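Structural description and commentary
Here is how the chains run, residue by residue.
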Amino acid sequence: MKTSKTTSPFRKTAACPASATLLSFGCQNLPVEIAISVKEHLRDCDFCCAELRLLAHHQYTTIKYTAPEIPMNLRILAESILNRG
């Protein structure tokens, strides 16, 4: 006797949380209501469970990067070239 089991495709759907949300969930940086919702989603979604395990290898960071200042000699050269004409 065969049992019929419907399988869902292994892919992210519109119902899946964003990767950033899963990363925050793994780092326990979500409000309680959202964390509960993600936890409930993970019970039924193999794709998000796999993605969460993958994201566990990445660190959550809030570091803001800024561009370094242009050295003064390079700035003077660039401005002189741009002001020609």
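Before reading further, recall that the structure is shown in the block above.
We now turn to the structure provided with this report. (Residues numbered from 1 in each chain as written. Predicted model: local features only at pLDDT ≥ 70, side-chain atom pairs only at ≥ 80, totals over all residues. Heavy atoms only, no water.)

**Points about helix H3 (residues 46-55)**
Note the threshold: Whether a residue is buried, partly exposed or exposed follows from its accessible area with a 1.4 Å probe, protein chains only, as a fraction of its type maximum: under 20%, in between, or over 50%, in that order. The helix and strand labels rest on DSSP assignments: H or I over at least four residues marks a helix, E over at least two residues marks a strand, and numbering proceeds from the N terminus. Directions drawn from the helix axis to the C-beta atoms are what define this arc. Throughout, a residue-residue contact means that at least one pair of heavy atoms, one from each residue, lies within 4.5 Å.
When we look at burial in H3, the residues that qualify are Cys48, Glu51, Leu52 and Leu55. Around the axis of H3, the buried residues are gathered within 105° of arc, so they sit on the same side. In H3, the exposed positions that point more than 90 degrees away from the buried face belong to Asp46, Arg53 and Leu54. Each element contacted by the buried residues of H3 is listed here: helix H1 (19-26) and helix H2 (32-44).

**Structural notes on the packing of H1 against H3**
This is how the line gets drawn: Helix axes use the C-alpha atoms of the stretch in contact, all axes being lines fitted to C-alpha atoms, and the angles between their N-to-C directions lie in the range 0 to 180 degrees. For any pair of crossing helices, the crossing counts as left-handed if the nearer helix is rotated counterclockwise from the farther one by less than a right angle, and right-handed if it is rotated clockwise. Residue polarity is assigned by list, with Asp, Glu, Lys and Arg as charged and Ala, Val, Leu, Ile, Met, Phe, Trp, Tyr, Cys and Pro as nonpolar; anything else, Gly included, falls into the polar class.
Where H1 meets H3, the axes come as close as 9 Å, and the angle between the chain directions of the two elements is 65°. Of the two possible hands of crossing, H1 and H3 adopt the one that is right-handed. Counted together, Ser19, Leu22, Leu23, Phe25 and Gly26 of H1 and Cys48, Glu51, Leu52 and Leu55 of H3 form the full contact between these two elements. Taken together, the residues of the contact of H1 with H3 sort by class into 6 nonpolar, 2 polar and 1 charged.

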